[in-house]
Amino acid sequence: MIIAQRSLSGSSQSPRSPSSQPFLSVSVTDPVKLGNGVQAYISYRVITKTNFPEYQGPEKIVIRRYSDFVWLRDRLFEKYKGIFIPPLPEKSAVEKFRFSAEFIEMRRQALDVFVNRIASHNELQQSDDLRTFLQADEETMERLRSQETGIFKKPADLMQMFKDVQTKVSDVVLGKEKPVEESNPEYEKLKHYIFELENHLAEAQKHAYRLVKRHRELGQSLSDFGKAAKLLGACEEQALGKAFSELGAKSETLSVKLQREAHQLLMNFEEPLKDYVRAVQSIKATIGERANAFRQQCELAETIKLKEINLDKLMLTRSDRVGEAEHEYKELKAESEEATRRFETIVRLMNEEIVRFQEQKTQDMGIAFHEFAKGQARLANSTADAWRSLLPKLEACSSA
Amino acid sequence: MMGSENQGFQEAHLFASREEMENLVLDEPLSNLNDHQNSNSYSSYRSAISSLSNTTHHPMSLPILATPADSDPLLSPPLYLNPNAPDNNSYIEPPSYADVIFSPFDENSFNGLESTSQNPESSLALSRSPSSSTYYIKITVSNPQKEQDTTNSLVPGGNTYYTYLITTRTNSPEFGSSEFSVRRRFRDVVTLSDRLAEAYRGYFIPPRPDKNVVESQVMQKQEFMEQRRIALEKYLQRLVEHPVIRLSDELKVFLQVEGRLPLPTSTDVASRMLDGAVKLPKQLFGESTAVVEPHEVLLPAKGGTDLLRLFKELRQSVANDWGGSKPPVVEEDKVFMEKKEWIHDLEQQLSNASQQAEALVKAQQDMGETMGELGLAFIKLTKFENEEAMFNSQRVRAADMKCLATAAVKASRFYRELNSQTVKHLDTLHEYLGLMLAVHGAFSDRSSALLTVQTLLSELSTLHSRAEKLEAASSKIFGGDKSRIRKIEELKDTIRVTEDAKNVAIREYERIKENNRCELERLDNERCADFLNMMKGFVVNQVGYFEKISNVWAKVAEETSGYAKYSF
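These numbers were taken from a predicted model, which means no experiment stands behind them.

## Remarks on the overall build of chain B
Phase 1: Scanning chain B from N- to C-terminus turns up twelve helices and three strands.
Phase 2: By the burial criterion, 49% of the 568 residues in chain B qualify as buried.
Phase 3: Within chain B, residue pairs in contact and separated by at least 24 positions form 78% of the contacts whose partners lie at least 6 positions apart.
Phase 4: Summed over its atoms, the accessible surface of chain B is roughly 27300 Å², and 53% of this surface lies on carbon and sulfur atoms.

As structure tokens, then:
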């Protein structure tokens, strides 16, 4: 894996001194195809090495599949609102590509990165769900997973969806059609930045992918050209024939190098760019959560105001419903404070996260660029070398 | 590196400035240019470069650079790198020289795979001198103009056609002056080509450009004219580079005589058939000569107006193929037969290689384009990050991106320049493929000459046996048979003429065979040199450009090496 444990501010990673500093390191390995036909899937070995007290022992190995990772991501997203949850690789749409060696390797790498990012995040690494994911036996995992996925969502989710619809309807009815938004110029700037960034990155990633293809195509055409040159050489005699054959052979050699470089480019340049895009999409999800939290806070504030007025009215009229109303009011107040707290947590977390995100991405991209440049330099060098080595042979042919 | 570093987001300029180019030292001219052992690889690259003139030479002429004494006053002095260059970085210089010749950023000049002739006017072409002399001739075709056909136009308003200005520059004493021009239309070129085909049977005559009747209707005027102009230029240049044809009167007349082309025009097929059809009854009923005159035998039956001769030869060729007995004379030359097979094989491989070369060129082109697009995408990202930066880490990232982006744009340019060079080098494959057509022509001259001989021999044996029969019959009658005797006399006359014709035909056949042989030898000699030069040029090109590309990326790797400790 190209991204080993990274020391970020505040993370606790030190594989070299296991006993002293707390550490948690994970690797996702050994993809194996299981099942048959449409039901077939890939399972991975997830190896955890840690000295965290809450974990069972220094090392644990479990078997997990893609949907388990999805479960983990969803749980974290629910619990840790405000934190940019590391992104997962996409589900592959195209059937026949699903089990190609390249795809499997790319996914494995991405899943490894995913888990390790969680493991090296101060807060996320404390998560119970993470511990469950890394330690629970396969049956438990399957049970948990099937609770989440599919059309049967948890009752709480359904309630929330219902409430959202209610709010929307009442808003429309009451004429409050515009969604309530923060009036924070810096935050506005950030939102705008994130949305724009996604577009730019997607374009860069698109061209990176095309570049991989071009390498493959050039490799193929060099191979074909090499074969043709060899045939021409067979047709010609002596020096000329030899020269063509050498040319053909060199072409074929270079073709192999190009295919190899295409693979490197895919893994070390295009994939990090895709990962970047996914990370930005994850941020967008968090932005959505913040908007929800803000709206809830606002709604509750509104509701409280109304309740206050009502309560005062009731108190003035010495109604016997005062007690009840007071009770309701207290409850609402607590809820409102809770909502405010939740919202402010998100704001605080996001502020920290964005700093971390920018730093992380600078590093990720720096690595990717470095690998890209190294690869291109390597390719160009060996191309020049290969052709250069042909020149004395061509000279020999001319003087022959 | 030469050229300026890029500023901001401006595209890097990669050409050396004019002054830099002109200051390249012109050392002692490489004296023995043919001697590949003497010259270092750079000069052999140079001779390869000279093959990149847009009026690409005919493959059959030697790749000699014009010696300084004869250098074209129009060309800037040939630039040679100091042959005592201390290191192997000589490969880096040629591409920069190439920068100057071929303006790589003229997007229009690279239409798909139309290989050469981008800037005819500004070419620094060093034309080749043909094997026989050290004189050079260079043809330029330009300035198409519309003209009216004033003679017997049935339609009022007349026929319009286009003429081209054909300019010859030469220092050969064969021609009156060193520079002259004429105006010719395409029809004149067809006439020239037909006359040459008749006069130079057995030679590998460069094929003329197609008439392209459909294309002339369908294509845009401008595009079609340009395509035709280029084709004409190439064709004429190849003609003057052929060691035998360049001396022909037909060509000289075509290039020099102003006004109407004073060569007999080829009557078109219809009127030929008409003439022949008119003659035929007379031939059959003995009113005009049913006999082939000796001089007629010098031309193939197919192109002529003598239908009877055509039919006889056709009958003969059928008899050759299907008849039980062997024809009187056959192609005996085993060496020739082997050569013919080999030519066929060569043609197939050339065609294949030519196709793959085109695919390779396309792939290189695509690589360059995509690399450039990637670079531009990152430049946009850089700008964006810089504008929206809230953290320093963003600015650092923007700087890294810019580094990558400018490298990508540079690399993209190198790929595209490399490619336009590759096209010119590999064009040799296309050229030789075209030459195969000429070879076919020469071989079919030979077989039609042979057919003529065979036909005449058959006819002679027929005439002889007829004469014998008549004499036998007539001797039986005492005192002779007046009418039979007369017939025998006539027959004897016919036999004499036919004998003469046969002798002429045989001589012609032998002559064509000899032409074939000479040309094949020339092909053998020159093919080797041309293809080796092609390969050398191609390879040197690849080396030079990939060295440059490698440097570009090495710099980026260097500048991002701080991140290396984080990667695997």
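## Looking at the state of the cysteines
Phase 1: Summed over the entire model, instances satisfying the criterion amount to zero disulfides over all chains.
Phase 2: Of all cysteine sulfurs in the structure, the one in C528 of chain B sits closest to C235 of chain A, which takes part in no disulfide; the separation is 13 Å.
Phase 3: The exposure class assigned to C235 of chain A is buried, which follows from its relative accessible area of 8%.
Phase 4: Left without a disulfide partner, C518 of chain B is nearest to the cysteine sulfur of C528 of chain B, which lies 19 Å away.
Phase 5: The class for C518 of chain B is partly exposed, based on a relative accessible area of 38%.

## With respect to the sheet that holds strand β1 (residues 137-149) of chain B
Residues and elements named next belong to chain B.
Phase 1: With antiparallel pairing, the three strands of this open sheet are ordered in space as β1-β2-β3. Strands with a single pairing partner mark the edges of an open sheet, and in this sheet they are β1 and β3 (179-185). With strand direction ignored, the average angle separating the axes of adjacent strands in the sheet is 20°.
Phase 2: Bridge analysis of β1 against strand β2 (residues 159-170) gives eleven bridges, and the strand direction is antiparallel. What sits directly across from I137, in β2, is T170.
Phase 3: Packing against the sheet, helix α4 (residues 186-199) makes contact with β2 and β3, and its axis sits at approximately 100° to β3.
Phase 4: Each of β1, β2 and β3 is contacted by helix α7 (residues 249-256), which is oriented at about 90° to β3, the strand it contacts most.

## Quick look at the side chain of R446 of chain B
Phase 1: The residue R446 of chain B is located in helix α11 (residues 392-476) in this model.
Phase 2: A distance of 3.5 Å separates polar atoms of two side chains, one belonging to R446 of chain B and the other to N516 of chain B.

## Here's the deal with the nonpolar core
Phase 1: Counting residues in hydrophobic clusters, the biggest one holds 116 residues, and the most contacted among them are F269 of chain A together with F378 and W553 of chain B.
Phase 2: Within the residue set of this core, elements represented by two or more residues are α6 (185-235), α7 (238-316) and α8 (322-399) of chain A together with α10 (334-388), α11 and α12 (482-559) of chain B.
Phase 3: Among residues more than four places away in sequence, those in contact with F378 of chain B are A204, F269, L273 and F369 of chain A together with M401, L404 and A405 of chain B.
Phase 4: Core analysis: the next-biggest nonpolar cluster, separate from the first, contains 32 residues, I42, I85, V115 and I118 of chain A among them.

## Regarding the interface of chain B and chain A
Reports often express the size of an interface as the amount of accessible area lost when the parts come together.
Phase 1: Opposite the 70 residues of chain B that make contact, chain A presents 68 residues.
Phase 2: Carbon and sulfur atoms make up 74% of the area that chain B and chain A hide from each other, which totals about 6300 Å².
Phase 3: Linking chain B to chain A there are five salt bridges.
Phase 4: Across the pair E203 of chain A and K380 of chain B runs a salt bridge whose closest N-O atoms are separated by 3.4 Å.
Phase 5: Between the two partners, chain B and chain A, sit 19 residue pairs in polar contact (both at pLDDT 80 or more).
Phase 6: Those elements giving two or more residues to the side of chain B that touches chain A turn out to be α2 (41-50), α10, α11 and α12 of chain B.
Phase 7: Per element, the largest residue contribution to the side of chain B that touches chain A is 26 residues, and it comes from α10 of chain B.
Phase 8: Of the residues that constitute the side of chain B that touches chain A, the class distribution is 43 nonpolar, 16 polar and eleven charged.

## Looking at a nonpolar patch on the surface
Residues and elements named next belong to chain B.
Phase 1: Residues L314, V318 and W322 make up a contiguous nonpolar surface patch of about 390 Å² in total accessible area.
Phase 2: Along the chain, the position of V318 falls in helix α9 (residues 307-322).
Phase 3: A relative accessible area of 44% places V318 in the partly exposed class.

## Side note on the domain arrangement of chain A
All names here are of chain A.
Phase 1: For chain A, the assigned domains read domain 1 (22-137) and domain 2 (188-399).
Phase 2: Distance between the C-alpha centres of domain 1 and domain 2: 19 Å.
Phase 3: Of the roughly 2000 Å² buried at the junction of domain 1 and domain 2 (both faces included), carbon and sulfur atoms supply 58%.
Phase 4: Looking at the side of domain 1 facing domain 2, the largest losses of area belong to K81, F84 and M106, adding up to 34% of the total buried there.
Phase 5: Joining domain 1 to domain 2, the criterion identifies five salt bridges.
Phase 6: For the salt bridge of R117 with D275, the shortest nitrogen-to-oxygen distance reads 2.8 Å.
Phase 7: One can count ten residue pairs in polar contact (both at pLDDT 80 or more) joining domain 1 with domain 2.
Phase 8: Element by element, the count of residues in the side of domain 1 that touches domain 2 is highest for helix α2 (residues 101-119), at six residues.
Phase 9: Here the side of domain 1 that touches domain 2 is built from residues that sort into nine nonpolar, four polar and six charged.

Reading the values: rules and limits
- Residues numbered from 1 in each chain as written.
- Chains lettered and ligands numbered in written order.
- Predicted model: local features only at pLDDT ≥ 70, side-chain atom pairs only at ≥ 80, totals over all residues.
- Heavy atoms only, no water.
- Helix = DSSP H or I, 4+ residues; strand = E, 2+ residues; numbered from the N terminus.
- Buried < 20%, exposed > 50% of the residue type's maximum accessible area, 1.4 Å probe, protein only.
- Contact = heavy atoms within 4.5 Å.
- Areas by Shrake-Rupley, 256 points an atom, 1.4 Å probe, with all protein chains shown as cover.
- Disulfide = S-S within 2.5 Å.
- Pairing = 2+ DSSP bridges.
- Axes fitted to C-alpha atoms, helices over the stretch in contact; angles between N-to-C directions.
- Polar contact = N/O pair within 3.5 Å; in protein donor to acceptor, adjacent residues only side chain to side chain.
- Core = buried A, V, L, I, M, F, W, Y, C linked by side-chain atoms within 4.5 Å.
- Buried area = accessible area lost by both parts, 1.4 Å probe.
- Salt bridge = Lys/Arg side-chain N within 4 Å of Asp/Glu carboxyl O.
- Nonpolar A, V, L, I, M, F, W, Y, C, P; charged D, E, K, R; others polar.
- Patch = residues over 30% accessible without salt bridge, like charges linked within 9 Å, V, L, I, M, F, W, Y side chains within 5 Å.
- Domains from an automatic or database assignment.

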